[in-house]
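Survey of secondary and tertiary structure
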Amino acid sequence: MMAEKENILELKNVVYSFHTYGGEVKAVRDVSFEVRKGEILGIVGESGCGKSVTAQCILRLNPEPPGFFGGGEILFKGQDILKMSNKEIRKIRGGEIGFVFQDPMTSLNPTMRVGAQIEEVFLGRTGVTKKEVKDRALEIMKLVGISDVEKRYRQYPHELSGGMKQRIMIAIALVSRPSLIICDEPTTSLDVTIEAQILDLLLDLREKLGTSIIMITHDLGVIARLCDRVIVMYGGKVVERGTADELFYDTAHPYTKGLMNSIAKLDTAKGEKLQPIEGTPPDLFSPPVGCPFAARCDYCMDVCNEMPPEVYQLTDEHATCCWLQHEMAPDNDMKKKPEKKGEVR
Amino acid sequence: MLKYVTKRVVAAILTVFALVTIVFFLVRLMPGEPFTSAKLTKEVAENMNSYYGFDKPILEQYFTYMGNLLHGNFGYSMKYTNKTVNYIIGQTFPFSADLGIRALCLAVSIGLVLGIIAARNRGKKLDFACVLIAIVGTSIPDFIMGALLQYFFGIKWGLLPVAKYLGFEYTILPACALAFYTLASVSRIMRSSMLEVTSQDYIKTARSKGLSELRITCKHQIRNAIMPVMTVLGPTVASVLTGTFVIEAIFAIPGMGKYYVESVNNNDYAMILGMTVFYGCFLVLCNLIVDILYGVADPRVRIGKR
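The text that follows walks through the structure, step by step, so that each part is easy to find. (Residues numbered from 1 in each chain as written. Chains lettered and ligands numbered in written order. Predicted model: local features only at pLDDT ≥ 70, side-chain atom pairs only at ≥ 80, totals over all residues. Heavy atoms only, no water.)

1. Details of the overall build of chain A
When helices and strands are tallied, chain A shows twelve helices and twelve strands. For 345 residues, the compact-globule estimate of 2.2 N^0.38 gives 20 Å, and the C-alpha radius of gyration of chain A, at 21 Å, lies within 12% of that figure. Counting the 345 residues in chain A, one finds 54% classified as buried. Across chain A, every contact between residues at least 6 apart in sequence was considered, and the portion connecting residues at least 24 apart equals 67%. (Helix = DSSP H or I, 4+ residues; strand = E, 2+ residues; numbered from the N terminus. Rg over C-alpha atoms; globule rule 2.2 N^0.38 Å. Buried < 20%, exposed > 50% of the residue type's maximum accessible area, 1.4 Å probe, protein only. Contact = heavy atoms within 4.5 Å.)

Take a look at the structure:
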């Protein structure tokens, strides 16, 4: 059913790097995925795996220089964002795609009233009067669950709590009714009760407004609760993709499995240690030739260090980028007997 | 806000009181006395001392002085014996202040613009040019700057008068010479402060809202970057407005600077005290204004609002 829905955003073989004193950091290496209308897509991975850079690529928010695109296409409603002029991309930012940043404490301008910060989105967009703009701002503030909006509207960010600020951030992202919101770890800096409220709010908004959401997180709990589909990133690449259920119950990549294992569980016995994934992420100055995860992988085979793995399509949605799925690979608990071999994407 | 201001004012008054007391006793620790010229006979000197009350116990002198000070009376100068300190300040301060205000307007406006331009064009030629101006400004002393300006604009090209203070064209060179250092430091501070703000998260938020670069700079960066500039501006305003000895000497401007320096050489107690208290009050006032302006620029500083 999901598959029939149209794609609102498509990333095709996006490569993004940064020039640094130490050389070129290849932060995003050949990433492709799509976001469909009205769905919540999760992107998981540990710190430094390229999640945030990928997300910011979509709105070209990475600082350039030092960042630059090494290739690929980002199609938003059929138009290539990378080919747009500054003026065109500014229309997309805020207007068509909203962005919620990680840290609400530092993401609001401390010297501006929050109301003005919400209304700013309408600057340079024609066809709305000042009165309408204010009404929209107040309405969206109510929608994101802020009480006493008239008073809040006139307050400064430092007068609001963290959860309140994140609601304001979401209000800013939502106020012009964009068709896509990108949330870059929106709840990492909030406590769990506020996190739950914010996640409920996002679900609710999707219901009411039909907005697509990209949810970037390293919290699998958030994924389980929110997302329709998930992509797992590692070392600047997508290593596994699929519906949330497939990922949780039918894990097909050792890295995803490692992530699942490292979750602290309620029934973990006292004194029992958490299971980390041993080792550190690959050096993106000179990424490994083979699979980026090979050095930390319990299932590592010779081929993993020599050739980048192919993509194996396991079901309509579920795909993994791991040599364990190859027909020549020895039997292992990851092997899913791929229905058909997908082309390398 | 009222409570905040009251607190600041009380602190300012206490500061001035402490300043007067310390300076009053310190000047008396300086070697020499006001009336030690070889030309004065012993009797004349004694007469002078008793006329100014120096024969009384020091504590009594102190209380008398404080009493007069409360009435705004700085007493008579001991060098220019027929003039009060109030009169001298009244005569000279307007010149110093006039020059200072011109220099400040020049320094702050150009300094801010240079700083902003440099930060916006970081690493490019324009940035380099602005930084160069800042380095030259901070490293060339004002008397050399003044002399250079006089030489080129006054003598070599004959565009502007070299000295005196008689009309607008006379004010240009000394104001430039005086402004240069402040201009350089303002632009340097503004540049680094702008760069710091540029990497803040809320600038990225502003960009994600689809705002133009101009709007981001004007509305989001400048206001957040201006605080450090305001901090240095308080003391700078006080020192620039109350006159600088060197610039006033080079350009033959009848300002306060000369009297301040001379008073120390002359052991002119009343002048030293008067000038110091005047300068001190001015400095405290400038800092007070800056403190209050902080609250205007940054809502987080506003205390006890409501």
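2. Concerning the packing of helix 1 (residues 2-29) of chain B against helix 3 (residues 58-70) of chain B
Residue and element names in this part refer to chain B. In contact at an axis separation of 11 Å, helix 1 and helix 3 are set at 140 degrees when each is read in the N-to-C sense. In terms of orientation, helix 1 lies oblique with respect to helix 3. When the axes of helix 1 and helix 3 are compared, the crossing they make is right-handed. Residue-level inspection shows F17, V20, T21, F24, F25 and R28 of helix 1 in contact with helix 3, the latter providing I58, L59, Q61, Y62, Y65, M66 and L69. Across the contact of helix 1 with helix 3, the residue classes tally to ten nonpolar, two polar and one charged. (Axes fitted to C-alpha atoms, helices over the stretch in contact; angles between N-to-C directions. Parallel < 35°, antiparallel > 145°, perpendicular 65-115°, else oblique. Left-handed = near helix turned anticlockwise from the far one by under 90°. Nonpolar A, V, L, I, M, F, W, Y, C, P; charged D, E, K, R; others polar.)

3. Focus: the sheet that holds strand 2 (residues 23-36) of chain A
All names here are of chain A. Spatially, 2-1-4-5 is the arrangement adopted by the four strands of the open sheet, whose pairing is antiparallel. The strands lining the two open edges of the sheet, one partner per strand, are strand 2 and strand 5 (79-80). When strand 1 (residues 7-20) meets strand 2, the two strands line up antiparallel, connected through ten bridges. Bridging across to strand 2, S17 finds its partner in K26. (Pairing = 2+ DSSP bridges.)

4. Topic: the pairing of strand 2 of chain A
Residues in a regular strand point their side chains to alternate faces of the sheet. Extensive coverage of strand 2 of chain A is indicated by the burial of ten of its 14 residues. Here strand 1 of chain A folds back onto strand 2 of chain A in antiparallel fashion, the turn holding two residues.

5. Focus on the interface of chain A and chain B
Interface size is commonly expressed as the accessible surface area that is lost when the partners come together. Taken residue by residue, the interface counts 26 residues in chain A and 21 residues in chain B. Between chain A and chain B the total buried area reaches about 2100 Å² when both faces are included, carbon and sulfur atoms providing 55% of it. Together, P110, T111 and E120 of chain A form the three largest contributors to the area buried by chain A at its contact with chain B, with a combined 25%. For the pair chain A and chain B, the number of links is two salt bridges. (Buried area = accessible area lost by both parts, 1.4 Å probe. Salt bridge = Lys/Arg side-chain N within 4 Å of Asp/Glu carboxyl O.)

6. Considering empty space enclosed by the protein
All names here are of chain A. Within this structure, the stated rule accounts for three cavities of 30 Å³ or more. Of the voids in this model, the largest cavity is the one considered here, and its volume is about 60 Å³. In this structure, the largest cavity is lined by H253, P254, C291, F293, A294, C297, Y299, C300, C304, C322, W323 and L324. Residue classes in the lining of the largest cavity are distributed as eleven nonpolar, one polar and no charged. (1 Å grid on protein atoms, 1.4 Å probe; cavity = no way out; pocket = protein on both sides within 12 Å on 5 of 7 lines; lining within 4 Å. Points joined across faces, edges and corners; volume = space filled by probe spheres on them.)

7. Some words on the sheet that holds strand 9 (residues 229-234) of chain A
Residue and element names in this part refer to chain A. A sheet is described by the order of its strands in space; here eight strands give the open sequence 6-7-8-3-9-10-12-11, paired in mixed fashion. Lying at the two open borders of the sheet, with one neighbouring strand each, are strand 6 (97-100) and strand 11 (312-313). In terms of strand pairing, strand 11 meets strand 12 (residues 319-320) through two bridges, oriented antiparallel. When the bridges of strand 12 are listed, Y312 appears paired with T320. Set on the sheet, helix 7 (residues 162-174) makes contact with strand 6 and strand 7 (180-184); between it and strand 6 the angle comes to about 165 degrees.

8. Concerning the pattern of salt bridges
One pass over the structure, following the stated rule, counts 22 salt bridges over all chains. For E317 of chain A, the salt bridge is made with R229 of chain A, and the minimal N-O distance between the two is 3.7 Å. Within this pair, whereas E317 of chain A is found in the loop between strand 11 and strand 12, its partner R229 of chain A is found in strand 9, the two being separated by 88 residues in sequence. By the burial criterion, E317 of chain A is buried, and R229 of chain A matches it. Where E213 of chain B meets R207 of chain B, a salt bridge forms, and the shortest distance between an N and an O atom there is 3.1 Å. The exposure class of E213 of chain B is partly exposed, given its relative accessible area of 35%. Accessibility expressed as a relative area gives 22% for R207 of chain B, which makes it partly exposed.

9. Brief notes about helix 2 (residues 42-51) of chain B
Among the ten residues of helix 2 of chain B, one are classified as buried, and the element is accordingly described as predominantly exposed. Immediately beyond the C-terminal end of helix 2 of chain B, within one or two residues, lies G53 of chain B, with a positive phi of roughly 80 degrees.

10. Notes on the environment of M145 of chain B
All names here are of chain B. One can find M145 in helix 6 (residues 142-156). Judged by relative accessible area, M145 falls into the buried class, the value being 13%. When the C-alpha atoms of M145 and A177 are compared, they prove to be 5.7 Å apart, with 32 residues separating the residues in sequence. Apart from residues lying up to four places away in sequence, M145 is in contact with I140, A177 and F180.

11. Section: the packing of helix 7 (residues 168-198) of chain B against helix 9 (residues 213-225) of chain B
All names here are of chain B. Orientation of helix 7 relative to helix 9, taken along the N-to-C sense of each, is 120 degrees, at an axis distance of 8 Å. Between helix 7 and helix 9, the angle is such that the two are oblique. For the crossing formed where helix 7 meets helix 9, the hand is right-handed. Between helix 7, through M190, S193, M194, V197 and T198, and helix 9, the contact on the second element is made entirely by T217, H220, Q221, I222, N224 and A225. When grouped by side-chain class, the residues that make up the contact of helix 7 with helix 9 number five nonpolar, six polar and no charged.

12. Quick look at the layout of surface pockets
Approximately 1200 Å³ is the volume found for the largest pocket. Taken together, 31 residues line the largest pocket, and the ones lying closest to its centre are P63, E64 and P65 of chain A together with T198 and R207 of chain B. Those elements that provide at least two residues to the lining of the largest pocket are helix 2 (86-92) of chain A together with helix 4 (85-120), helix 7, helix 8 (201-208) and helix 9 of chain B.

13. What about the nonpolar core?
Ranked by internal contacts, the top residues of the largest apolar core, which has 105 residues, are L9 and I214 of chain A. Per-element tally for this core: the top contributor is helix 7 of chain A, with eight residues. Not counting residues up to four positions away in its chain, the partners in contact with I214 of chain A are L9, F33, V35, L41, I43, I58, L180, I181, I182 and C183 of chain A. Residues A12, F74, M78 and A97 of chain B belong to the second largest nonpolar core, which totals 79 residues. (Core = buried A, V, L, I, M, F, W, Y, C linked by side-chain atoms within 4.5 Å.)

14. Quick look at the environment of N73 of chain B
Residue and element names in this part refer to chain B. Turning to its location among the elements, N73 is positioned in the loop between helix 3 and helix 4. Sequence separation of N73 and G274 is 201 residues, and the distance between their C-alpha atoms is 8.9 Å. Only 2.9 Å separates the side chain of N73 from the backbone nitrogen of G75, close enough to count as a polar contact. (Polar contact = N/O pair within 3.5 Å; in protein donor to acceptor, adjacent residues only side chain to side chain.)

15. What about the pairing of strand 1 of chain A?
The pairing of strand 1 of chain A with strand 4 (residues 67-76) of chain A spans eight bridges and is classified as antiparallel. Across the sheet, the residue bridging to E10 of chain A is L75 of chain A, located in strand 4 of chain A.

16. Details of a nonpolar patch on the surface
All names here are of chain B. A grouping of F25, I58, L59 and F63 is seen on the molecular surface, where their side chains present a nonpolar patch of about 380 Å² in accessible area. Ranked by the residues each element gives to the nonpolar patch, the list is headed by helix 3, at three residues. If you trace the backbone, L59 turns up in helix 3. (Patch = residues over 30% accessible without salt bridge, like charges linked within 9 Å, V, L, I, M, F, W, Y side chains within 5 Å. Areas by Shrake-Rupley, 256 points an atom, 1.4 Å probe, with all protein chains shown as cover.)

By themselves, these observations are geometric and do not establish any function.
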